[in-house]
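Fold and contact review
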Amino acid sequence: MVVHVSIHDVSPAWEREVEAALALAHDFGVRPALLVVPNFHGQAPLLEHPPFCERLRTLARHGHEIYLHGYYHEARSWADHAVAAVAQEQHGRVDGVAKRIEYAFAQHIVSNSEAEFHDVSPSEAIARLDAGERVLKEAGLDVRGFVAPAWSLPRSVHTLLRKRGYTFTEDHTHVYDPASQLSRASLVLNFASRTPARLISSVAYCRAVRPLRMLLPTRIAIHPADMRYVLLRSEIRSLLAWARGNVVDTGSELFDRFRFDAISSLAAPVRSSKPKQAVPVRSSPPP
Ligand SMILES: [Zn+2]
C-alpha cells in the first residue's frame, strides 16, 4: 500500500536538521509534507525569519504540502495546567487525581511535554488555530492540513477542523478527512530519541511492523532530532528505500486507493475520493 512521508516540527529552531531531513528525502525523490510550527516553544517566531519562510514557499512550489502543526508545540506546565483546569471543568473534563494521571501520560509518557492541544480549552484551541493559520498565511503558505503536536487530537479539535474545512489530519492510528467526515486506519513509523532505550525500542518496533504495510496505508514521520543520530539517519534511509515506488506526495492519497471508512461516531456516509483544496485561512487576531 501507499506510503506518505512527512517532516515534523518544521521551524527556524530546527533549520539545520530540517535541511538534513529534506536532503535525505530528496535523495529518494520524495517530497515530504512539512509540518510547520508558527512559534516553536515560543522562541522561534516564523515571521521573524524571512529567509526560512522563503525556503518553505520554494518547497511548497515544488510540491511539498504544508500542514499547520500546533502553534507553540509545547504544553503548559502542571501548575499552569491546574489553573486552566478551572475553565476546563466547564466543559465536563475530569479533574483531580484522574486528570493529573491523564496529564502525566500525555505529556511525559507519550510526549515530552509537547502535546499542546491535549488540554487546551475549546476557546484556546480556536485562538491557536486562528493565530497559526494567520502566521502561515502571512508567510505566504497555503495550509493543506493540520497535525496536532504529539498526534494528540481531542475530539473537540477534530470538530473545529471540520468546521474550518480541513481535509487532512492524523493521529497515532488513523488519517482523517474532517471536512468529509472520513477516516482510515494507517500505520505510522517514527523514531523516539529522547532516551537510548526509547531510541532502540523504536527502531525495533519500526522494523517489526513494516510488514503491516501490506494491510494499511503507511506514514513515515521524520523528526528533526532524528538527524542527530547516525543510527536513525540510517534507519530512515532504509525506510525510504523500502518504500520506493509506493510513496505519494499528498496526505489525501492515503485515502485514494481504498474504500473509505466513515468516522463511526459521526455516522458519515461512505464516499469516494475527491481532489483536495487548500484550507481557506481566516484572518483573526492572535491569542
Ligand atoms: Zn511535532
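Residues numbered from 1 in each chain as written. Predicted model: local features only at pLDDT ≥ 70, side-chain atom pairs only at ≥ 80, totals over all residues.

1. Focus: the overall build of the protein chain
- Helices and strands together make up the secondary structure of the protein chain, namely nine helices and 11 strands.
- Buried residues in the protein chain amount to 42% of all 287 residues.
- In the protein chain, the share of contacts with a sequence separation of at least 24, taken over all contacts with a separation of at least 6, comes to 76%. (Helix = DSSP H or I, 4+ residues; strand = E, 2+ residues; numbered from the N terminus. Buried ≥ 20, exposed ≤ 12 C-beta atoms within 10 Å, placed from the backbone. Contact = placed C-beta atoms within 7 Å.)

2. Thoughts on the pairing of strand S8 (residues 187–190)
- Residues Leu-187 and Leu-189 line one face of S8 and the alternating positions Val-188 and Asn-190 line the opposite face, and both faces are buried.
- Relative to strand S9 (residues 218–222), S8 runs parallel, the two sharing four bridges. Bridge pairing in S9 places Val-188 opposite Arg-219. (Pairing = 2+ DSSP bridges.)

3. A look at the pairing of S9
- With respect to burial, S9 is a largely interior element, five of its five residues being buried.
- One ladder, built from five bridges, connects strand S1 (residues 3–10) with S9; its direction is parallel. Within the sheet, the bridge partner assigned to His-4 lies in S9 and is Arg-219.

4. A closer look at helix H8 (residues 230–243)
- Across its 14 residues, H8 extends 20 Å between first and last C-alpha, which sits within 8% of the 20 Å expected from 1.5 Å per residue.
- Along H8, the positions that sit buried rather than exposed are Leu-232, Ile-236, Leu-239, Leu-240 and Ala-243. An end-on view of H8 places all buried positions within 95 degrees of arc, on one side of the element. Turned more than 90 degrees away from the buried face of H8, the exposed residues are Val-230, Ser-234 and Ala-241.
- In this fold, the buried residues of H8 make contact with S1, helix H1 (15–27), S8, S9 and strand S10 (247–248).
- Just downstream of H8 lies Gly-245, where phi reads positive at about 90 degrees. (Expected span 1.5 Å × (residues − 1). Arc of directions from axis to C-beta.)

5. Some words on the packing of helix H5 (residues 122–138) against helix H6 (residues 155–163)
- The geometry of H5 relative to H6 is characterised by a closest axis approach of 10 Å and an angle of 45 degrees between their N-to-C directions. The angle between H5 and H6 falls in the class oblique. When the axes of H5 and H6 are compared, the crossing they make is right-handed. Here Pro-122, Ala-125, Ile-126 and Leu-129 of H5 lie close against H6, whose contacting residues are Ser-156, Val-157 and Leu-160. (Axes fitted to C-alpha atoms, helices over the stretch in contact; angles between N-to-C directions. Parallel < 35°, antiparallel > 145°, perpendicular 65-115°, else oblique. Left-handed = near helix turned anticlockwise from the far one by under 90°.)

6. Details of the nonpolar core
- With 62 residues, the main nonpolar core has Leu-34, Val-36, Leu-56 and Tyr-67 as its most contacted residues.
- With sequence-adjacent residues up to four places away left out, Val-36 is seen in contact with Val-10, Leu-46, Leu-56, Ile-66, Tyr-67, Leu-68, His-69, Leu-136 and Leu-141. (Core = buried A, V, L, I, M, F, W, Y, C linked by C-beta atoms within 7 Å.)

7. Here we look at unusual backbone geometry
- Positive phi values are uncommon outside glycine, yet Ala-150 reaches one of about 60 degrees.
- Relative to the helices and strands, Ala-150 is located in the loop between strand S4 (145–146) and H6.
- Judged by the 23 C-beta atoms lying within 10 Å of it, Ala-150 falls in the buried class.
- Non-glycine residue Trp-151 carries a positive phi angle of around 55 degrees.
- Mapped onto the elements of the fold, Trp-151 is located in the loop between S4 and H6.

8. Concerning the environment of Glu-48
- Looking at the secondary structure, you find Glu-48 in the loop between strand S2 (33–36) and helix H2 (50–61).
- Glu-48 gets classed as exposed once you count the C-beta atoms within 10 Å, which come to 10.
- Along the backbone, Glu-48 and Ala-139 are 91 residues apart, and their C-alpha atoms lie at a distance of 9.9 Å.

Coordinates in, geometry out; function isn't part of it.
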